[in-house]
Structures are given as C-alpha cells and as structure tokens.
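Each chain, written out:
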Amino acid sequence: MNTRQLGILAVIAALSVGATALALRTGTRTIASDRRGELVVPGLLDKANGLTGLVFRQGNDPITIEKRGSGFAVGPNETGFPVKTDLVRDLVTGLIELRFEEARTNDPARLSELGVADAGSPGGGKEVTLRSGGSDIANVIIGIGDSTVGSSIGGVYVRLKGAPQTWLARGNVRLPPTRADWFAAVDLGAKRFEIKKIELSGGDKEAVSVAPAADKPGELTLENVPEGRFAETFKVSRLPTFVESFSFLDVRKRTTPAANARRMTVEVDGGLRLVFASVGDLSEGWVQVSAEATADAKREKATSISSSVDAYEFRIPANQAETLGLTWPTDDRSKA
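Computed from a predicted structure; not experimentally measured. (Residues numbered from 1 in each chain as written. Predicted model: local features only at pLDDT ≥ 70, side-chain atom pairs only at ≥ 80, totals over all residues. Heavy atoms only, no water.)

Asker: Give a detailed account of the overall build of the chain, specifying residues and quantitative values.
Answerer: Of regular secondary structure, the chain possesses 7 helices and 16 strands. Looking at the chain as a whole, 41% of its 336 residues are labelled buried. Residue pairs in contact within the chain that sit at least 24 positions apart in sequence constitute 64% of those at least 6 positions apart. For the chain, the exposed surface amounts to about 17,500 Å²; the carbon and sulfur share of it is 51%. (Helix = DSSP H or I, 4+ residues; strand = E, 2+ residues; numbered from the N terminus. Buried < 20%, exposed > 50% of the residue type's maximum accessible area, 1.4 Å probe, protein only. Contact = heavy atoms within 4.5 Å. Areas by Shrake-Rupley, 256 points an atom, 1.4 Å probe, with all protein chains shown as cover.)

Asker: Give a detailed account of the sheet that holds strand 9 (residues 195-201), specifying residues and quantitative values.
Answerer: Spatially, 8 strands are ordered 11-10-9-13-14-15-16-12 in an open sheet, and the strand pairing comes out antiparallel. The open sheet has two free edges, formed respectively by strand 11 (216-222) and strand 12 (250-253), since each of these has just one partner strand. Averaged over all neighbouring strand pairs, the angle between strand axes comes to 25°, with direction disregarded. Summarising the sheet, strand 13 (residues 263-268) and strand 14 (residues 272-278) pair through 6 bridges and their orientation is antiparallel. Residue pairing in the sheet places M264 in a bridge with F276 of strand 14. Contacting strand 14, strand 15 (286-293) and strand 16 (312-315), helix 6 (residues 299-309) crosses the sheet at an angle of about 155° to strand 15. (Pairing = 2+ DSSP bridges. Axes fitted to C-alpha atoms, helices over the stretch in contact; angles between N-to-C directions.)

Asker: So what's going on with the environment of R262? Which residues, and what values?
Answerer: Note on placement: R262 falls in the loop between strand 12 and strand 13. For R262, a relative accessible area of 2% gives the class buried. Considering only alpha carbons, one finds R262 and S201, 61 residues apart in sequence, at a separation of 5.8 Å.

Asker: Quick one: what's the story with the packing of aromatic side chains, residue by residue and with numbers?
Answerer: For the structure shown, the criterion picks out 13 aromatic pairs. On the basis of an interplanar angle of 85° and a centroid distance of 5.8 Å, the ring pair of F81 and F248 is categorised as edge-to-face. Placement of F81 in the loop between strand 3 (71-74) and helix 3 (85-97) and of F248 in the loop between helix 5 (241-244) and strand 12 is noted, with a sequence separation of 167 residues between them. Neither F81 nor F248 differs from the other in exposure class; each is buried. Here a set of aromatic residues connected by ring pairs shows up, and it is made of F81, F183, F242, F246, F248, F276, Y312 and F314. The cationic tip of R252 hangs over the ring face of W286; the distance from NZ or CZ to the ring centre is 3.9 Å. (Phe/Tyr/Trp six-rings, centres within 6.5 Å; stacked < 30°, edge-to-face > 60°. Lys NZ or Arg CZ within 6 Å of the ring centre and 35° of its normal.)

Asker: Just give me the short version of the pairing of strand 10 (residues 208-213), but keep the residues and values in it.
Answerer: Strand 10 sits mainly inside the fold: 5 of its 6 residues count as buried. By the bridge criterion, 3 bridges tie strand 9 to strand 10 in an arrangement that is antiparallel. Across the sheet, E199 pairs through a bridge with S209, a residue of strand 10. Once strand 9 ends, the chain turns through 6 residues before running back antiparallel as strand 10, passing G202 with a positive phi of about 80°.

Asker: Can you break down the sheet that holds strand 2 (residues 63-68) residue by residue, with the values?
Answerer: Across the sheet, which stays open at both edges, the 8 strands sit in the order 3-2-1-5-6-7-8-4 with antiparallel pairing between neighbours. The sheet is open, and its two edges are formed by strand 3 and strand 4 (99-103), each paired on a single side. Averaged over all adjacent pairs, the angle separating strand axes in this sheet is 30°, with direction ignored. In this sheet, strand 3 lies alongside strand 2 in antiparallel orientation, the contact comprising 4 bridges. Each residue of the ladder has a partner; that of K67, found in strand 3, is F72. Sheet contacts for helix 3: strand 1 (53-57), strand 3, strand 4, strand 5 (126-132), strand 6 (135-146) and strand 8 (166-170); angle to strand 5, the most-contacted strand, approximately 95°.

Asker: Kindly report on helix 6, identifying the contributing residues and their values.
Answerer: Every buried residue of helix 6 is listed here: A302, I305, S306 and V309. Buried positions in helix 6, seen along its axis, are confined to an arc of 105° and lie on one side of it. In helix 6, the exposed positions angled more than 90 degrees off the buried face are occupied by E300, T303 and S307. If you follow the buried residues of helix 6, they end up packed against strand 14, strand 15 and strand 16. (Arc of directions from axis to C-beta.)

Asker: Please set out unusual backbone geometry residue by residue, giving values where relevant.
Answerer: Notably, D204 is not glycine yet its phi reads approximately 60°, a positive angle. Here D204 lies in the loop between strand 9 and strand 10.

Asker: Which residues make up the nonpolar core, and what values go with them?
Answerer: By size, the foremost hydrophobic cluster in this structure holds 74 residues, and its most contacted members are L95, L130, W182, L274, F276 and F314. In terms of residue count, the dominant contributor to this core is helix 3 (6 residues). The contacts of L274, once residues within four sequence positions are left out, are L188, V243, M264, T265, V266, V268, S290, A291 and I305. Grouped together as the second largest cluster of nonpolar side chains are 8 residues, V116, I141, Y157 and L168 included. (Core = buried A, V, L, I, M, F, W, Y, C linked by side-chain atoms within 4.5 Å.)

Asker: With reference to specific residues and values, describe the pairing of strand 15.
Answerer: Where burial is concerned, most of strand 15 is hidden: 6 out of the 8 residues are buried. As judged from the 7 bridges shared by strand 14 and strand 15, these two strands associate in the antiparallel manner. When the bridges of strand 15 are listed, S278 appears paired with V287.

Have a look at this one:
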C-alpha cells in the first residue's frame, strides 16, 4: 500500500470518528445495557392478585382507582363511580409482560424527547402507580411507542419513577387516552325510534317541545313553532343522543340542583321517563340524570338506571350542553 492510499484511509477514518461523535451528540443517546430481557417490574405477576388500587397521572389530571368487590371504582376520596375492569386488567397485563430491550438517555434535559418526563411537565409521560395494601408495587412512566422493536407487539419508552435512566422496553402497555375513557358506560336503554316526546324547559329559557315526525319514523321535529321563528333541524337531530349513547367527560358526587335548572324530559315508549337537569352554569356542562317508570313494564329498567346515576353528576360535552339550551331562534334567514 503506497503513501497516498494510507493518507486516504486516514482521512476516511477521521471522518468516520467525527460523524460518530456528532451522532452521539445530536441523536438520542444509546447506552449499552446488561438488563436486556429482564422484566421491567419483576415479581408483578405474583403480586397482581393482591392489587388494591392504582393511580394514573396524565398531565395535571390524576385519577385514583381502588378495588371494589370484583371490580374497580374511582376513589377513595372521589366519587366511587365504577371504572372499566378490562382497562385495569389490560394495564396490569401489559406491565407484567414488559421487558427491558435497550438503555437510552439518562440526561434529565432529554426525557421529554421520549415522552418520559414527569407527568404534568412538558413532554411528560403517563405515570402508573400500582398499589397493594399501603405499599406501591410498581411506579412506571410510560412514554412514546417504538415500532422498531422486533415483534408485532413493538415497544415503548419507559422510565422508573425517580430514576434518571430511560429504557426502550419490549411490549405494549394499553392506556386510555383520556380520563373519561376510564369510566364505565351508562346505558340508558332507549333508542331514537322509541322516543315519544322531548320537552326542554326552565333555566330562564323558552320551553321547546319535540315529537316524532308522523311520516318519518325515527326522525324528530319541533312542535308548534312560533311565528317568526324557525326549527334548527341539526340541533333537534342531536337531542336523541342523550339517551341513545349517553357520553360524559367527567363525573362527581351529586349536589343539590339549581331551583330553576334547564331540564330535558324524555318520554320513552313503554313507560320510561328520563330527565336531564343542569347544575350550575349550563355552559359548564354538569347535569344530573334521573329515571322514572310511568308504567309497570319499565319499572325494573328505571330502577336499574337509577342505581347507576342517582349518586352522581356528569359533565357532558360542550355540543350536548349547547343542545340542552336549545330555544326558538328568530327567523331572519330572509335577510341573509
């Protein structure tokens, strides 16, 4: 090999070293690990049956969940409203199976890049604390996912609470995207075509009455539209969503409703009456729900609904709160 060739090799080697150094400075740092294949939460399988609760923190909105009988509920100092048991099961199963794949950065300034900074801070992850009795048996911050881990399950970035080291872990921890997704569904057991009448009243707003269209089964129409007003068919069409698929963003213990609350009373075929009453300012979306049987055929159904809703208030989405405030608009379309 001549002098010229040796010089070229030296230049290439120098460039390679420089490129490597630059990558280490600018990329997410990878640290050699001797923990590959180890469980992220060792011993959790043996402790899972003794799980008494968990705390889930995302942003600044933690939710505390405790075991109640064969299920789980929000508590102990919150509402006691039931949560979806399958979500708790999937979460615990995911943590049991999670294994270290590769160590990553331990620089506190870079935790947000992997979504494993402390919950509530910029780039914060989803913090999960599992409890058994009065002790924490796991405390893990779950970050962003990574599909490059060699399996169909993929991987996720994690950090043990209080430790600076981050890891790429093999496995998948299923977590609900929002606080509301933890809550068990409330089934009001009524369909659009079963609605006989809807009345909106109170709240210092005009009363509105809605009934099924005689020639269009399942479609509702406003009754007795005053002169100079018009029916907002889109808002009317949203009214049945309250009973068909009641959705809510949050839940709290029931308080005393306002004396002049905005109310929506829904008469359901077969003898069931459902009432939605606003609590506080209508724009805040808090409502109380009640059920009453107006015929023996629906007495059992009304009792079942009451057991699910009587102790609580629900915060409904903004579009539903707006629909609850439906009144008669002035018909100025001719001026447009």
